[in-house]
Amino acid sequence: MAEFIEVREVGLRDGLQNIKTVVPTDVKLAWIKAEVAAGVRDIEVCSFVPPKLLPQFADAEEVTRRALAVPGLTVAALMPNLKGAERGAALGVHRLDYVVSVSESHNLNNVRRSTAESLADLKRIAEFLKGIEAGKRPRLLCGLATSFGCTIEGSVPHDRVVSFAEQVAAIGVDEIALADTVGFGNPNAIRTLFRRVRDATGPNIVLASHFHDTRGLGVANVAAAIEAGVRHFDASLCGLGGCPYAPGATGNVVTEDVVFLAESLGFTTSIDLEKLVEVRKIVMQALPGEAFYGQVAKAGLPKGFSYADARQAA
Ligand code: ZN
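The shown structure was predicted, so the numbers you read here are calculated from the model rather than taken from an experiment. (Residues numbered from 1 in each chain as written. Predicted model: local features only at pLDDT ≥ 70, side-chain atom pairs only at ≥ 80, totals over all residues. Heavy atoms only, no water.)

**Q** Looking at this structure, how should I read the overall build of the protein chain?
**A** A tally of regular secondary structure across the protein chain gives 13 helices and eight strands. Whereas a compact globule of 314 residues would reach a radius of gyration of roughly 20 Å, the protein chain reaches 18 Å, a difference of no more than 12%. For the protein chain, the spread of C-alpha atoms along the three principal axes comes to 50 × 40 × 40 Å. When the 314 residues of the protein chain are sorted by exposure, 54% land in the buried category. In the protein chain, the share of contacts with a sequence separation of at least 24, taken over all contacts with a separation of at least 6, comes to 73%. When the accessible surface of the protein chain is totalled, it reaches about 12900 Å², and 54% of it is carbon and sulfur. Here the protein chain carries 33 positive and 36 negative side-chain charges, and the mean point of each set is 2 Å from the other. (Helix = DSSP H or I, 4+ residues; strand = E, 2+ residues; numbered from the N terminus. Rg over C-alpha atoms; globule rule 2.2 N^0.38 Å. Buried < 20%, exposed > 50% of the residue type's maximum accessible area, 1.4 Å probe, protein only. Contact = heavy atoms within 4.5 Å. Areas by Shrake-Rupley, 256 points an atom, 1.4 Å probe, with all protein chains shown as cover. Lys, Arg positive; Asp, Glu negative; His and termini not counted. Charge placed at Lys NZ, Arg CZ, Asp CG, Glu CD.)

**Q** Explain the pairing of strand β8 (residues 232–235) to me, please; I cannot follow it from the model alone.
**A** A regular strand carries its side chains on alternate faces of the sheet. Sheet topology note: the strand β1 (residues 6–9)/β8 ladder contains four bridges and is parallel. Bridge assignment links V7 to a residue of β8, and that residue is F233. Taken together, the three bridges between strand β7 (residues 206–211) and β8 define a ladder with parallel strand orientation. Note on β8: the bridge partner recorded for H210 is D234. Chirality of the crossover, the property in question, places the unit of β7, helix α9 (residues 218–227) and β8 among those that are right-handed. (Pairing = 2+ DSSP bridges. Right-handed = clockwise from strand over helix to strand, strands pointing away.)

**Q** Explanation requested: the pairing of strand β4 (residues 95–101) in the structure shown.
**A** With six of seven residues buried, β4 lies mostly within the body of the structure. Each parallel crossover has a hand, and for strand β3 (residues 74–78) linked through helix α4 (residues 82–91) to β4 it is right-handed. Where β4 meets strand β5 (residues 139–145), seven bridges bridge the pair, whose relative direction is parallel. Bridge pairing in β5 places D97 opposite L141.

**Q** Quick question: what am I supposed to make of α4 here?
**A** Residues lying three or four places apart along an α-helix face the same way, a consequence of the helix completing one turn every 3.6 residues. Inspection of α4 places G84, A85, G88, A89 and L91 among the buried residues, and these make up the whole buried set. All buried residues of α4 lie within an arc of 160° about the axis, which places them on one face of the element. Residues K83 and A90 are exposed on α4 and point more than 90 degrees away from its buried face. Of the residues flanking the start of α4, the one acting as N-cap is N81, its side-chain oxygen 3.2 Å from the backbone nitrogen of K83. (Arc of directions from axis to C-beta. Polar contact = N/O pair within 3.5 Å; in protein donor to acceptor, adjacent residues only side chain to side chain.)

**Q** Any chance you could explain the nonpolar core here in plain terms?
**A** One recurring pattern in soluble globular proteins is that nonpolar side chains are buried together. If you look at the biggest cluster of nonpolar residues, it comprises 87 residues, and the most contacted ones within it are I32, L144, I176, L178 and F194. Top element by residues in this core is helix α7 (residues 158–171). It accounts for six residues. For I176, the residues in contact, after removing those within four places along its chain, are C142, L144, A165, V168, A169, T201, I205, V206, L207 and A208. (Core = buried A, V, L, I, M, F, W, Y, C linked by side-chain atoms within 4.5 Å.)

**Q** What's the story with the coordination of the zinc ion in this structure? I'm lost.
**A** Tetrahedral coordination by four donors places them ideally at 109.5 degrees to one another around the metal; octahedral coordination by six donors ideally gives 90 or 180 degrees. The protein atoms donating to the zinc ion are D14 (OD), H210 (NE2) and H212 (NE2), with metal-donor distances spanning 2.0 to 2.1 Å. Among the residues examined, H210 registers a relative accessible area of 9% and is labelled buried. (Donors = N, O, S within 2.8 Å, 3.2 Å for Na, K, Ca; no water.)

**Q** I keep staring at unusual backbone geometry and nothing clicks. Help me out?
**A** With a phi close to 55°, T146 is a non-glycine residue in the positive phi region. Structurally, the position occupied by T146 is in the loop between β5 and α7. Taking the relative accessible area as the measure of exposure, T146 reaches 1% and is therefore buried. The phi dihedral of S270 falls on the positive side, at around 65°, and the residue is not glycine. Tracing the chain through its elements places S270 in the loop between α10 (255–264) and α11 (273–286). On the basis of relative accessible area, S270 is assigned to the partly exposed category, the value being 28%.

Here it is as structure tokens:
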């Protein structure tokens, strides 16, 4: 068996959070089920923001409940605060994703709090989760947004990112995602920073990446992160996504293209690319007028393409 790389779908959260067209709950579930049928095992299904703030996620609880009934799926949800964590944990979500920006200005714009306040809230969430019995406790992931640069502050010092990773690890998270929220990263920066964060946080914390393809380096950055030992990658179907407080931020790296990259490099993803490309139809039909990205979907699989596991077995 080839080594496993987990490609995590975030299109239903990061992809949809900027899109005005509210996708019906049944369509979200059809999307989730079709991706699971294609082999996707981990999906961030919604955000537990107050429904008044983002009508797109007014159905967060129903989507979560129904996603939890899909066999074999790890259900993750974004939560902006302790209240969101309580909602998620009550539903039995497998992983709660929290975000703090390393850039002070981006954090103030994004969640209207200082980074110190955001880290204090993360600590309260971690304490709350510790009170839940082990088998039922959701895993806790903290995303460090703007780890590679920020539209407001420009470059973000690596030392500051490493310090944030250390603080977040000390608070007791299970996973840390370094996020290139607005596409400032390049392969060298990705390799350097992931290695430093790995050294600083130790082997027990899962490192994940969350990259946007703002300047076309998204897939190259994923390749660099793979070299640095990362095995968990956020991506969004059709490359949907952006950030309302990061002007110019386009979508996440495209799930289909990240799967193609991983399989081409000899890692198994357990995902069937042809089935995955078919799922695009559900999304495109639900979101007329949006921009859809993806090179594999456009060009098809190359003649003679084989999956990493099949090559290994041959
Ligand atoms: Zn994002």
